[in-house]
Amino acid sequence: MILKEDWSNMLQKKLKKLPSAPGVYFMKDGRGNVIYVGKSKNLKSRVSSYFQHSKNHSNKVERLVNHVKDIDYIVTDTEFEALLKEAKFIRELQPLYNRLMKNPKSYPYIIFERKKGYYHMTVSLSPSKEEGSLFFGPYSSKSQVEKAVNGLKNAFKINCENWDKPCLDYSLGKCLGMCLGGDKIDQYEQVINRFICLFSREDKSILEELERDMNLASANFQFEKAAKIRDTLKAVKSLLRKEEMIEFARKQISIGLFDSVDEETVKFFLIKRNVILFSKKYNWKKMGLKRIIEELTMEILEQSCFPFQMSGILQQDEIDDAAIIYSFVQKKGSSSFLIPDDWLSRKEGIKKIEQSIKKLMEKIKDHRMG
């Protein structure tokens, strides 16, 4: 039997040996089971922070630390790789504390389903297969989807499900009046069509309207109403960003992405959807810019020759990876570029690949020397 003091001494020795490098760490219980997986750009700093007394530690973190008896880790060249590997290991191992410390992901969809000739907006855990129905997603947070959908319904007063007779909400001013029929049905359809255009990213005027309503409510000291609209806006905008990410991944455009390894070295990744087709480290000081451009262009052209075709619908286990990749591509100062398919078969396109590599490498070099 290993005493508590012995476990503590073993952990302290492990913590001292942790490298100050990016990677993924695995926290284990006394039986060797992985109970938590995390990532960091500095393993030593991040993992050690769990075992330092801090008022910022939540109860779940404190319980985790009490159960940790061993630590393993994998060093990666870059933080980007650590992010992708963390998501992979969490999916495969499903550690106890990752499930406890993060909201369970149910990957819901927003469904516009036809019933009795009219679209109805609902939340579902699977895309609708009904003819004429539309769906958006999947998204990673059910609570956020429900907040957006319910908030929109309430803001535009279409939360009524009883269309056979006037409802109480109508008399209270909370229902548009679909339950009365007539031109109110036409108004309902106009609202639903605006919702569809919103999530299709064809017309975002609803967001502007909600902004005006929020500011007006605040100006009239209706702070509770303003807060509800603010929360709805926040949820909807977040879903629209996720929809952009999903659409971006569906298009299966190749991405060239650079991430730093050290002061002289970068690592290049060629990515399609959520798959890394090719990766390699390049030392710009030893190799020189011209050689790197030539080698990388050749690799991109060779790797892109292999057939790659996946379903238009993102599977649940692809969403986290796609989100990581998309966030890197979109973030300010990102060292990445898109490679449309028509670049791969035309001289003009190949020149654009070379120019993109040169531009990013010069940017990285200037940043290092600056």
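Per chain, residue numbering runs from 1 following the sequence as it is written. Residues qualify for local features only when their pLDDT is at least 70, as the model is predicted, and side-chain atom pairs are given and counted only at 80 or more; totals for whole chains, interfaces and linings, by contrast, use all residues. Side-chain metrics in this entry use all non-hydrogen atoms of the structure; hydrogen atoms and water are not considered.

A. Representation of the overall build of the protein chain. In DSSP terms, a helix is any run of H or I states spanning at least four residues, a strand is any run of E spanning at least two, and both are numbered starting from the N terminus. When you go through the protein chain residue by residue, the secondary structure sums to 14 helices and ten strands. The classification of residues rests on relative accessible area computed with a 1.4 Å probe and restricted to protein chains. Under 20% of the type maximum is buried, over 50% is exposed, and intermediate values are partly exposed. The burial tally for the protein chain puts 41% of its 370 residues in the buried class. Working rule for contacts: check all heavy atoms of both residues, and any pair within 4.5 Å makes them a contact. Pairs at least 24 residues apart make up 61% of the contacts formed inside the protein chain by residues separated by at least 6 positions. Accessible areas in this description were obtained via Shrake-Rupley with a 1.4 Å probe; residue shielding takes into account the shown protein chains only. Surface summary for the protein chain: the accessible area is close to 21,200 Å², and the carbon and sulfur share equals 50%.

B. Inspection of the pattern of salt bridges at higher detail. The salt bridge definition used is simple: a Lys or Arg side-chain nitrogen within 4 Å of an Asp or Glu carboxyl oxygen. Scanning the model with the defined rule gives 15 salt bridges in all. In this structure, K14 and D72 form a salt bridge, with 3.9 Å as the shortest nitrogen-oxygen distance. Of this pair, K14 sits in helix 1 (residues 4–17) while D72 sits in strand 3 (residues 70–75); the two residues are 58 residues apart in sequence, bridging distant segments of the chain. Where E81 meets K267, a salt bridge forms, and the shortest distance between an N and an O atom there is 2.8 Å. With E81 in helix 4 (residues 79–93) and K267 in strand 8 (residues 265–272), this pair connects stretches of sequence that are 186 residues apart. Assessed through its relative accessible area of 13%, E81 is described here as buried. Connected via shared salt-bridge partners are K14, K28, D70 and D72.

C. How the structure looks around the nonpolar core. In terms of nonpolar packing, the biggest core is built from 37 residues, with I110, F112, M121, L152, I192, F195 and F199 touching the most fellow members. Elements represented by at least two residues in this core include exactly strand 4 (109–115), strand 5 (118–124), helix 6 (142–155), helix 8 (183–199), helix 9 (205–219) and helix 10 (223–250). The biggest single contributor to this core is helix 8, with eight residues. With near-sequence residues (within four places) excluded, F112 lies in contact with Y119, H120, M121, S133, L134, F136, I192, F195, I196 and F199. Core analysis: the second largest hydrophobic core is formed by 21 residues, F258, F268, F278 and W284 among them. Nonpolar cores were defined as sets of buried Ala, Val, Leu, Ile, Met, Phe, Trp, Tyr and Cys residues, with membership established by side-chain atoms within 4.5 Å.

D. Up close: helix 2 (residues 43–50). Of all the residues in helix 2, the buried ones are L43, V47, S48 and Y50. One face of helix 2 carries all of its buried residues, which in axial projection span an arc of 145 degrees. A 3.5 Å cut-off defines polar contacts: any pair of N or O atoms within that distance qualifies, except that in protein one atom must be a possible hydrogen donor and the other a possible acceptor, and neighbouring residues in sequence count only when both atoms are side-chain atoms. Between the side-chain oxygen of the N-cap and the backbone nitrogen of K44 there are 3.3 Å, and the N-cap of helix 2 in question is N42. Here the arc refers to the directions that run from the helix axis out to each C-beta atom.

E. Geometry of the packing of aromatic side chains. In this analysis, rings of Phe, Tyr and Trp, with Trp reduced to its six-membered ring, are considered paired at centre separations within 6.5 Å, and the interplanar angle assigns stacked below 30 degrees, edge-to-face beyond 60, and tilted for intermediate values. Taken as a whole and judged by the stated rule, the model has twelve aromatic pairs. Ring centres of Y25 and Y50 lie 5.9 Å apart, and the angle between their planes is 65 degrees; this geometry places the pair in the edge-to-face category. Placement of the pair is Y25 in strand 1 (residues 23–28) and Y50 in helix 2, with a sequence separation of 25 residues. Assessed through its relative accessible area of 5%, Y50 is described here as buried. Arranged with centres 6.0 Å apart and planes meeting at 85 degrees, the rings of F221 and F223 form a pair that is edge-to-face. In terms of burial, F221 and F223 fall into one category: exposed.

F. Up close: helix 3 (residues 59–67). Taken as a whole, helix 3 has its buried residues at V61, L64 and V65. End-on view of helix 3: buried residues confined to an arc of 95 degrees, all on one side of the axis. Structural note: helix 3 exposes N59 and N66 on the side pointing more than 90 degrees away from its buried face.

G. Layout of the sheet that holds strand 1. At least two DSSP bridges between two strands are required for those strands to pair. Pairing within the open sheet is antiparallel, and its three strands lie in the order 2-1-3. Sheet topology places strand 2 (34–40) and strand 3 at the edges, where each strand pairs with a single neighbour. Strand-to-strand twist in this sheet, taken as the mean axis angle between neighbours without regard to direction, amounts to 20 degrees. Note that strand 1 and strand 2 share six bridges and pair antiparallel. Considered in strand 2, the bridge of M27 is made with Y36. Axis definition: a line fitted to C-alpha atoms, over the contacting stretch in the case of helices. Angles run 0 to 180 degrees between N-to-C directions.

H. Highlighting the environment of M245. Note that M245 resides in helix 10. Residues contacting M245, with those up to four places away along its chain left out, are I319, A322, A323 and Y326.

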